[in-house]
Amino acid sequence: MTPTETASTRQPRSENSTGILYGIGAYGLWGLLPLYFIILLPATAIEIVANRVLWSLVFCALLLTVMRSWRTVRAAAANPRIVATLAVAAMLIAVNWFVYTYGVTNGHAIEAALGYFINPIVSVLLGVVVLHEKLRRLQWAAVGMGVVAVVVLAIGYGNVPWIALTLAFSFGFYGFVKKRVGSKVDAVSSLSIETAVLTPIAAAVMIWLSVTGAATVLTEGPGHFWIMAAAGVITAVPLIFFGAAARRLPLTTIGLLQYLAPVLQFLLALFVFQEEMPLERWVGFGLVWVALAMLTIDMLRTVRKNSRPRRPSGATPVGESAAV
């Protein structure tokens, strides 16, 4: 093997390993996000989200300046269809951020983790309802198992797990809306436009909280202020890591890595926040995990089937001899 051939065979491995590291970084940071929200107490969920929007916009502006990418943002902002699509996405992600932050800071971190566990199931269901996609048998089984799991959990909680369902559906629709713009806008530009859309609302919320004396950003000391200001970095960095991973990894690997975030969130809720996990919740979560296993198996089967090279008619299979 020549040095050139060796380099060519090693390069994909290197790219794949780098992509996995970026993916672990992105989903790992998202999984550890509950710790950040708890540190910000006594700030309320609405203040945390408002600051997250405002500081994300500041950080994105700095990042776009360093990367010299303002032209990309201006081009996207000049397209009314892209702006309208990202405005809808912004509202959906704002709902997602608020409900998730509310759940974590009010003792419902396990239910919040459940929302991201069932998100892949909801995404499959949205494909049927919105895009009229046809599901395979294993996908139907996973959706059915997910519905049963929600019923079991509703009985266990004593009410519908609205936090989990809101998170799953808001993020599912967010992904669906973002696909409308596809590759027309990169991650940083998209986040910049989304946060710019939300900034007037976030600024109004902060003014209202300050007037009513409920804001904590300037009343809990400089440490609290700077941790709150770090929301911009904490929001943007995982997105940048995810973008780097998505460029290097196949969709199946990204699909498997996405389970890292809710697993970490679940473990934090169970062992750090010490939330209760009675038997009926274990049963409900178990059903969800079985459904996710079904989706994963179906995904791997489909990828293997599609990647298998088709043999021309009359060709001899590898390892078999043609009749003479």
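Given the structure is predicted, the values throughout are model-derived calculations rather than measurements. (Residues numbered from 1 in each chain as written. Predicted model: local features only at pLDDT ≥ 70, side-chain atom pairs only at ≥ 80, totals over all residues. Heavy atoms only, no water.)

### Some remarks on the pattern of salt bridges
Definition in use: Take a side-chain nitrogen of Lys or Arg and a carboxyl oxygen of Asp or Glu: if they are within 4 Å of each other, that pair is a salt bridge. Each helix is a run of DSSP H or I of at least 4 residues and each strand a run of E of at least 2, with the numbering of both proceeding from the N terminus. Burial classes follow relative accessibility: with a 1.4 Å probe on protein chains only, a residue under 20% of its type's maximum area counts as buried, one over 50% as exposed, and anything between as partly exposed.
According to the stated counting rule, one finds 2 salt bridges in the structure shown. When the shortest N-O distance is used, the salt bridge between R136 and D298 registers 2.7 Å. Of this pair, R136 sits in the loop between α5 (109-129) and α6 (137-157) while D298 sits in helix α13 (residues 279-307); the two residues are 162 residues apart in sequence, bridging distant segments of the chain. Judged by relative accessible area, R136 falls into the partly exposed class, the value being 38%. Overall, the relative accessible area of 7% leaves D298 in the buried class.

### Focus on the packing of aromatic side chains
Where two aromatic rings form a pair, the distance of their centres and the angle of their planes describe that pair. What counts is decided by this rule: Each pair of aromatic rings taken from Phe, Tyr and Trp, with Trp reduced to its six-membered ring, is defined by centres within 6.5 Å and is described as stacked if the planes are under 30 degrees apart, edge-to-face if over 60, and tilted in the remaining cases. Look at NZ for Lys and CZ for Arg. If either is within 6 Å of the ring centre and within 35 degrees of the ring normal, a charge sits over the ring.
The full count for this structure, using the stated rule, is 20 aromatic pairs. Judged by centre distance (5.7 Å) and plane angle (85 degrees), the rings of W55 and F225 are edge-to-face. Taken together, the residues span a long stretch of sequence, with W55 in helix α2 (residues 45-67) and F225 in helix α9 (residues 222-229) at a distance of 170 residues. A connected cluster of aromatic rings, assembled from ring pairs, spans Y36, F37, Y100, Y116, F171 and Y174. Sitting above the plane of the W97 ring, R52 keeps its charged end 4.0 Å from the centroid.

### Focus: the side chain of T105
Just so we agree on the cut-off: Two N or O atoms count as a polar contact when they lie within 3.5 Å, although within protein this holds only if one can serve as hydrogen donor and the other as acceptor, and sequence-adjacent residues are included solely when both atoms are side-chain atoms. The contact rule is simple, with two residues in contact once any of their heavy atoms fall within 4.5 Å.
With respect to the secondary-structure elements, T105 resides in helix α4 (residues 80-105). For T105, the side chain forms a polar contact with the main-chain oxygen of T101, separated by 2.7 Å. Leaving out residues up to four positions away in the same chain, T105 has contacts with F37, I38, L41, A45 and I48.

### Concerning the nonpolar core
The condition is simple: We call a set of buried Ala, Val, Leu, Ile, Met, Phe, Trp, Tyr and Cys residues a nonpolar core when their side-chain atoms join them within 4.5 Å.
If you look at the biggest cluster of nonpolar residues, it comprises 63 residues, and the most contacted ones within it are Y100, I110, F266 and F285. Ranked by the residues each element gives to this core, the list is headed by α5, at 13 residues. In this structure F266 touches I110, A113, F117, M277, W282, F285 and W289, once residues within four positions along its chain are discounted. In terms of nonpolar packing, the next biggest core, distinct from the first, is built from 10 residues, L63, L64, V181 and I193 among them.

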